[in-house]
Amino acid sequence: MNLPRTLGELRGSDFSEERLRRRRVKDEMRENLICKLRRREALFPGIVGYDDTVVPQIVNAVLSRHNFILLGLRGQAKSRILRALTSLLDRALPYLEGCEIHDNPYASICGRCRELLEERGDQMPIAYLSPEHRYVEKLATPDVTIADLIGDIDPIKAARGGHQLSNELTVHYGLLPRANRGIFAINELPDLAGKIQVGLFNIMQEGDVQIKGYPIRLALDVALVFTANPEDYTARGKIITPLKDRIGSEIRTHYPATVDEGMAITAQEAWSQRDGQKLVVVPKFLREVVERSPSPPATTKRSTSAPASASACPSLAWRTSSPMPSGVPSATRRKPSCRAWATSTPPCRRLPASSSWNTRARCAAPISWPANSSAPPSPRPSIATSKA
Ligand SMILES: [Zn+2]
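What counts, and where the lines are drawn
Residues numbered from 1 in each chain as written. Predicted model: local features only at pLDDT ≥ 70, side-chain atom pairs only at ≥ 80, totals over all residues. Heavy atoms only, no water. Helix = DSSP H or I, 4+ residues; strand = E, 2+ residues; numbered from the N terminus. Buried < 20%, exposed > 50% of the residue type's maximum accessible area, 1.4 Å probe, protein only. Contact = heavy atoms within 4.5 Å. Areas by Shrake-Rupley, 256 points an atom, 1.4 Å probe, with all protein chains shown as cover. Pairing = 2+ DSSP bridges. Axes fitted to C-alpha atoms, helices over the stretch in contact; angles between N-to-C directions. Arc of directions from axis to C-beta. Polar contact = N/O pair within 3.5 Å; in protein donor to acceptor, adjacent residues only side chain to side chain. pLDDT = per-residue confidence, 0-100. 1 Å grid on protein atoms, 1.4 Å probe; cavity = no way out; pocket = protein on both sides within 12 Å on 5 of 7 lines; lining within 4 Å. Points joined across faces, edges and corners; volume = space filled by probe spheres on them. Nonpolar A, V, L, I, M, F, W, Y, C, P; charged D, E, K, R; others polar. Salt bridge = Lys/Arg side-chain N within 4 Å of Asp/Glu carboxyl O. Phe/Tyr/Trp six-rings, centres within 6.5 Å; stacked < 30°, edge-to-face > 60°. Lys NZ or Arg CZ within 6 Å of the ring centre and 35° of its normal. Core = buried A, V, L, I, M, F, W, Y, C linked by side-chain atoms within 4.5 Å.

### A few points about the overall build of the protein
Each helix and strand in the protein was counted, giving 19 helices and 13 strands. Expressed as a percentage of its 388 residues, the buried residues of the protein come to 46%. Restricting the contact set of the protein to residue pairs at least 6 apart, pairs at least 24 apart contribute 73%. Carbon together with sulfur atoms contributes 51% to the accessible area of the protein, which is approximately 20,600 Å² in total.

### Notes on the sheet that holds strand S1 (residues 68–71)
Taken together, the five strands give an open sheet; going across it, the order is S4-S7-S10-S1-S11, and neighbouring strands pair in parallel fashion. The open sheet terminates on both sides in strands that have one partner only, identified here as strand S4 (135–139) and strand S11 (249–252). Across the sheet, the mean angle separating the axes of adjacent strands is 20 degrees when strand polarity is ignored. In this sheet, strand S7 (residues 182–187) lies alongside S4 in parallel orientation, the contact comprising five bridges. Within S7, the residue paired with tyrosine 135 across the bridge is isoleucine 183. Along the sheet, helix H3 (residues 25–38) contacts S7 and strand S10 (222–228); its crossing angle with S10, the most-contacted strand, is approximately 75 degrees.

### What to know about helix H4 (residues 54–63)
Of the positions making up H4, those classed as buried are Val54, Val55, Ile58, Val59, Ala61 and Val62. Take H4 and look down its axis: the buried residues cluster within an arc of 165 degrees, on one side only. Check the buried side of H4 and you find it contacts H3, S1, helix H5 (78–84) and S11. Remark: arginine 65 follows H4 within two positions and exhibits a positive phi of approximately 55 degrees.

### Structural notes on helix H14 (residues 259–269)
When H14 is considered as a whole, its buried residues turn out to be Val259, Gly262, Met263 and Thr266. Within H14, the buried residues cover an arc of 95 degrees as seen down the axis, which keeps them to one side.

### A few points about the pairing of S10
Counted residue by residue, S10 has seven buried out of seven residues, so it is predominantly covered. Of the two faces of S10, the one holding Val222, Leu224, Phe226 and Ala228 and the one holding Ala223, Val225 and Thr227 are both buried throughout. Across four bridges, the pairing between S1 and S10 is parallel. Directly across from isoleucine 69, in S10, lies its bridge partner phenylalanine 226. Of the pairings in the sheet, the one linking S7 to S10 comprises five bridges and is parallel in character.

### Considering the side chain of glutamate 168
By the secondary structure assignment, glutamate 168 is in the loop between helix H8 (155–161) and strand S6 (171–173). Within the structure, the side chain of glutamate 168 is placed 2.8 Å from the backbone nitrogen of glycine 111, a separation counted as a polar contact. Setting aside chain neighbours within four positions, we find glutamate 168 in contact with Ile109, Cys110, Gly111, Arg114, Tyr214 and Ile216.

### Some thoughts on the confidence of the model for the protein
Residues of the protein with pLDDT of at least 70 account for 68%, and the chain-wide mean is 76. Mean pLDDT per element in the protein: helix H19 (residues 359–363) is the minimum at 36, and H4 is the maximum at 97.

### Examining empty space enclosed by the protein
The final tally for this structure, using the stated rule, is five cavities of 30 Å³ or more. In this structure, the second largest cavity encloses a volume near 60 Å³. Among the elements of the structure, H3, H4 and S10 are those that each provide at least two residues to the lining of the second largest cavity. The greatest single-element share of the lining of the second largest cavity, amounting to three residues, is contributed by S10. Per-class residue counts for the lining of the second largest cavity are seven nonpolar, two polar and two charged.

### Considerations on the pattern of salt bridges
Scanning the entire structure with this criterion turns up 18 salt bridges. Between arginine 11 and aspartate 122 there is a salt bridge whose closest N-O contact spans 3.2 Å. Here the residue arginine 11 occupies a position in helix H1 (residues 7–11), and aspartate 122 occupies one in the loop between helix H6 (111–120) and strand S3 (126–129), the gap between them amounting to 111 residues. Arginine 11 sits in the partly exposed class, given a relative accessible area of 36%. Across the pair glutamate 100 and arginine 178 runs a salt bridge, and its minimum N-O distance is 2.9 Å. A residue pair is termed long-range when its members are at least 10 positions apart, and glutamate 100 in the loop between strand S2 (93–96) and H6 and arginine 178 in helix H9 (residues 175–178) qualify at 78 residues. Salt bridges here are not isolated pairs; linked through shared partners, they connect Arg11, Glu17, Arg21 and Asp122.

### Here we look at the packing of aromatic side chains
Summed over the entire model, instances satisfying the criterion amount to one aromatic pair. With a centroid separation of 5.9 Å and 50 degrees between ring planes, the pair formed by phenylalanine 15 and tyrosine 128 is classed as tilted. Residue phenylalanine 15 is located in the loop between H1 and helix H2 (17–20), and its partner tyrosine 128 is located in strand S3; the two are separated by 113 residues in the primary sequence. A relative accessible area of 10% places phenylalanine 15 in the buried class. Over the aromatic face of phenylalanine 201 sits the side chain of arginine 246, whose NZ or CZ is 4.4 Å from the ring centroid.

### A look at the nonpolar core
Formed by 50 residues in total, the largest nonpolar core has its most connected members in Leu176, Phe184, Leu189, Leu192, Leu200 and Phe226. Sorting the residues of this core by element identifies H1, S1, H6, S3, S6, S7, helix H11 (201–205) and S10 as the ones contributing at least two each. Broken down by element, the residue count for this core peaks at four residues, all from S10. With residues near it in sequence (within four places) discarded, leucine 176 still touches Leu149, Ile150, Phe184, Leu200, Ile203, Val209, Leu220, Val222 and Leu224.

So, in structure tokens, the structure goes:
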């Protein structure tokens with residue numbers, strides 16, 4: 001495909017000013033999503049068990065041009081979903097070549113590009129971004145600073161270019177401006193220090209950022225997406241309320257709701273190498289254990305405080321509603337049934353007798369199975385099951 005290489009050529013191409021100037025990244029994702037829905041394409045290949053729960057909510061969030069957050073426990077494909085969002089981006093996006101923040105050729109926001117555009121006009125060179133280059137991901141850790149995220153002054157840049165420190169050209173951009181015209185994902189948002197979360201207010205409300213002492217406001221065009229694990233809220237941090245208010249959609253993920261989905265995930269993720277070929281192995285004991293394990297009663301009443309998605313996996317309902325909810329059959333109360341372990345984590349041999357239903361406490365001890373046993377010792381008492 002021959003893509004235009006200068007601004008002049010770009011004007012006469014499909015990437016016309018009329019089409020590109022006002023098309024923001026969320027509009028682009030929305031348009032491409034609508035195309036995919038019309039063609040009945042799979043939206044997130046490789047994501048199993050979310051077709052009727054999580055995916056429709058993501059579709060709604062994208063159609064509504066929302067920033068959104070995925071809330072769920074570990075191993076629920078949160079990061080994978082965010083990475084799959086790049087499939088909603090155009091295959092090539094033109095930008096002003098050399099621009100660190102991928103300026104729109106028709107609406108540049110950085111000082112460097114404005115100067116160059118005045119100089120070169122329609123001869124300004126154009127480069128293209130692929131969807132992968134438009135996805136910036138940051139794992140939130142407590143040591144992340146505003147400089148990492150938004151930007152800072154770069155004295156070396158100033159010295160090299162002979163600029164005054166107050167000059168806009170001495171800015172060293174952080175990750176957020178570098179994600180301009182793309183998707184910016186923050187994993188484990190609660191781990192971000194409160195004052196750094198404050199730094200995200202502007203971009204989410206007014207759509208711009210301010211960098212250190214510079215009198216500039218960069219009107220960025222970014223789709224912000226986050227993940228968080230509600231279990232970690234109290235242990236490590238929290239999402240400050242004003243930021244939570246600015247996140248358009250909150251989407252809860254869950255563990256697989258049926259054994260078949262769980263096994264499909266295991267078959268997809270488990271593999272071993274033999275003769276240089278990838279070989280999928282579903283351990284024989286997995287099916288045996290899963291078939292032996294009692295399924296939870298079909299009409300288990302959730303406590304009203306449990307999240308909506310908890311109904312998908314009984315184990316989640318147990319973990320999120322401590323102390324134990326009443327009105328649950330005693331067989332289930334004795335033994336929190338967790339079918340999800342078979343697909344995501346090794347089984348825990350013993351459950352502590354305490355009433356604290358913390359997964360981390362339950363799963364902290366390493367698993368050691370007897371060497372001569374091909375199947376793991378049954379982690380659960382054998383209770384008559386009424387699996388339909
Ligand atoms: Zn620029």
